[in-house]
Amino acid sequence: MKYTKFIDEERKEVVFRVKGIIEVRMDRKIYERYARKYSDEEIISFSPHKEIYNAITGRKMYYITEESEIPLIGHTAFGIIDRGTNLLQVRPISGCNLNCIFCSVDEGKSSTRVTDYMVDVDYILHKFEEVVDYKRKHCRNISIEAHIDGQGEPFLYPEIEELIKKLKEMADIVSIQTNGLPLNEKRIRRLEGYLDRVNLSIHAVDGEIAKRMSGISFYNIEHVLKMAEIIASSDIDLLLAPVWVPGYNDGEIKKIMEFGRRIGAGKKWKAFGIQKYVRYRFGRKPEGVKIMDFKTFYRKLEEMGEGLRLFPSDFGIVKCKSLPKKFRVGERVKLTLEMEGRVKGEMIGVGRERLIQVIDTSKRVGDAVRVEIIRNKHNIYVAREI
Ligand code: SF4
């Protein structure tokens, strides 16, 4: 186990930084008692007195293993999402190193997110295998795509390379979203032959605009552009995916397209995935944005060039029978709350091998609640207490 150890004098805690991102904290006096008998590794793994945090976002983090019996289907923050097609979204971690001013999930240093999640690599691979078996059984001759994304930056996941390589043994295509900052040339080269496509989030070519949009002072557009060039020159395909935020990066979209064409993005799939900024309830809302409706957005895309509007068929996405739903909308059930939710007032319950997000609750972990299911689309469950 790779870790570093230091003392947080202010909080009187011993802190272990494991694999760069997992921060294990423990009261100093309790640690000293344990240390008389156990090694640091044993204390990190087995002590019940520890708190786990995401070292990058500073939020409390749940590390989810198969033994925890927490399912991996049912929530959007972690696990596997099956939207009834041959593409399965794989979400091993939540939390981001950026703080984009338009982020739809208010990631990075956030005012609304209170919890992060990380799934053990063996567990997520095992579940992925089960879902793939189901898909292949119900949809003959389909090509399965594992698309690694999430509410955050997937390359912060310590086992990301192992995950990609092992997913490739089960899926026909493996793709990933990234903001590019955690990449380096060696890492890209190591992933050749396993990773088929990178969807790179890049919202401006101009350094100042890019930094402003990233919401962090250390954002380095030169590094991201360099990584884009390396990916484009490798056998991994590159899709540039800017979010168009009117009033912020209007002049940058064309520049991103010129850059992408010059370096050879889109060798196999489309080169650009321009997205419209959408204002979400729990997303960030930058000041002064002139919201564009979808009709105007698509018209402007057409004016910019052919084929910029994307369709599932551009990526070979076809319908394929969904995993069975385990709860009906309107159904009333009793659940035990197993984890804190992503935002304040939310908890996560478990039932029938699914996760259920219980909203607007003041109950705590371990409490039993009676809830009514109010959403079950794509096996993502939301419930309200009754
Ligand atoms: S990189 Fe993506 S997840 Fe991270 S803050 Fe920006 S928009 Fe949000």
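Please read all numbers here as calculations on a predicted model, not as lab measurements.

K.L.:
I would appreciate a short explanation of the overall build of the chain in the present structure.
P.N.:
When helices and strands are counted, the chain shows nine helices and 19 strands. For the chain, the proportion of its 386 residues judged to be buried stands at 40%. Taking the intrachain contacts of the chain between residues at least 6 apart in sequence as the baseline, contacts between residues at least 24 apart amount to 69%.

K.L.:
Help me understand the domain arrangement of the chain, please; the structure alone is not making it clear to me.
P.N.:
How big an interface is tends to be expressed through the accessible area that disappears when the partners come together. Annotation of the chain at the domain level lists domain 1 (3-55), domain 2 (63-315) and domain 3 (332-385). Centre-to-centre separation of domain 1 and domain 2, based on C-alpha positions: 33 Å. Each side of the interface is counted separately: domain 1 has six residues, and domain 2 has five residues. Looking at side-chain class alone, the side of domain 1 that touches domain 2 contains three nonpolar, two polar and one charged residues.

K.L.:
Help me out: how do you make sense of the site of the ligand in this one?
P.N.:
Around the ligand, the structure places Cys-96, Leu-98, Asn-99, Cys-100, Cys-103, Val-105, Glu-107, Gly-108, Gly-152, Glu-153, Asn-179 and Ser-201. By residue class, the composition of the shell around the ligand is five nonpolar, five polar and two charged.

K.L.:
For this particular structure, what's the right way to read the environment of Glu-385?
P.N.:
Assignment of secondary structure puts Glu-385 in strand β19 (residues 382-385). Sequence-wise, Glu-385 and Thr-361 are 24 residues apart; in three dimensions their C-alpha atoms are separated by 7.0 Å. Apart from the residues lying within four places of it in its own chain, the contact partners of Glu-385 are Val-358, Thr-361, Val-369, Arg-370 and Val-371.

K.L.:
Hey, could you run me through the sheet that holds β19 in this one?
P.N.:
Pairing between sheet strands relies on hydrogen bonds along the backbone, with the strands arranged either parallel or antiparallel. Spatially, β15-β16-β17-β19-β18 is the arrangement adopted by the five strands of the closed barrel, whose pairing is mixed. Neighbour-to-neighbour, the strand axes of the sheet open up by a mean angle of 55°, direction not taken into account. Two strands pair when backbone bridges link them, and strand β15 (residues 332-340) and strand β16 (residues 347-351) are joined in this way by four bridges, in the antiparallel orientation. Bridged to Thr-336 within β16 is Val-350.

K.L.:
Looking at this structure, how should I read helix α6 (residues 207-214)?
P.N.:
Turning to α6, its buried residues number three or more, namely Ala-210, Met-213 and Ser-214. Seen along its axis, α6 keeps its buried residues to an arc of 100°; they face one direction. Phi turns positive one or two residues past the end of α6, at Gly-215, with a value near 75°.

K.L.:
Even after reading the chapter, I still don't get the sheet that holds strand β7 (residues 87-91), so can you show me in this structure?
P.N.:
What the six strands build is an open sheet, ordered β6-β7-β9-β10-β11-β12; its pairing is mixed. The open sheet terminates on both sides in strands that have one partner only, identified here as β6 (79-82) and β12 (237-240). The average undirected angle you get between the axes of adjacent strands in this sheet is 20°. Here β7 runs beside strand β9 (residues 145-148); their pairing, made up of four bridges, is parallel. Bridge pairing in β9 links Gln-89 to His-147.

K.L.:
I would appreciate a short explanation of the pairing of strand β11 (residues 197-200) in the present structure.
P.N.:
One face of the sheet, then the other: side chains in a regular strand alternate in exactly this way. As judged from the four bridges shared by strand β10 (residues 173-178) and β11, these two strands associate in the parallel manner. Its bridge partner being in β11, Gln-177 is matched across the sheet by Asn-199. Read as a crossover between parallel neighbours, the route from β10 over helix α5 (residues 185-191) to β11 is right-handed. Looking at chain direction, β11 and β12 are connected through four bridges and run parallel. Considered in β12, the bridge of Asn-199 is made with Leu-239.

K.L.:
Please clarify how the nonpolar core should be interpreted in this entry.
P.N.:
Side chains that are nonpolar tend, in soluble globular proteins, to be buried together. Core analysis: the biggest nonpolar cluster contains 90 residues, and Ala-146, Ala-228, Leu-238 and Leu-240 have the highest contact counts within it. With six residues, the top contributor of residues to this core is helix α7 (residues 221-233). The contact partners of Ala-228, leaving out residues within four places of it in the chain, are Gly-180, Leu-200, Ile-202, Leu-238, Leu-240 and Ile-263.

What counts and what doesn't
Residues numbered from 1 in each chain as written. Predicted model: local features only at pLDDT ≥ 70, side-chain atom pairs only at ≥ 80, totals over all residues. Helix = DSSP H or I, 4+ residues; strand = E, 2+ residues; numbered from the N terminus. Buried ≥ 20, exposed ≤ 12 C-beta atoms within 10 Å, placed from the backbone. Contact = placed C-beta atoms within 7 Å. Domains from an automatic or database assignment. Nonpolar A, V, L, I, M, F, W, Y, C, P; charged D, E, K, R; others polar. Near = placed C-beta within 6 Å. Pairing = 2+ DSSP bridges. Axes fitted to C-alpha atoms, helices over the stretch in contact; angles between N-to-C directions. Arc of directions from axis to C-beta. Right-handed = clockwise from strand over helix to strand, strands pointing away. Core = buried A, V, L, I, M, F, W, Y, C linked by C-beta atoms within 7 Å.

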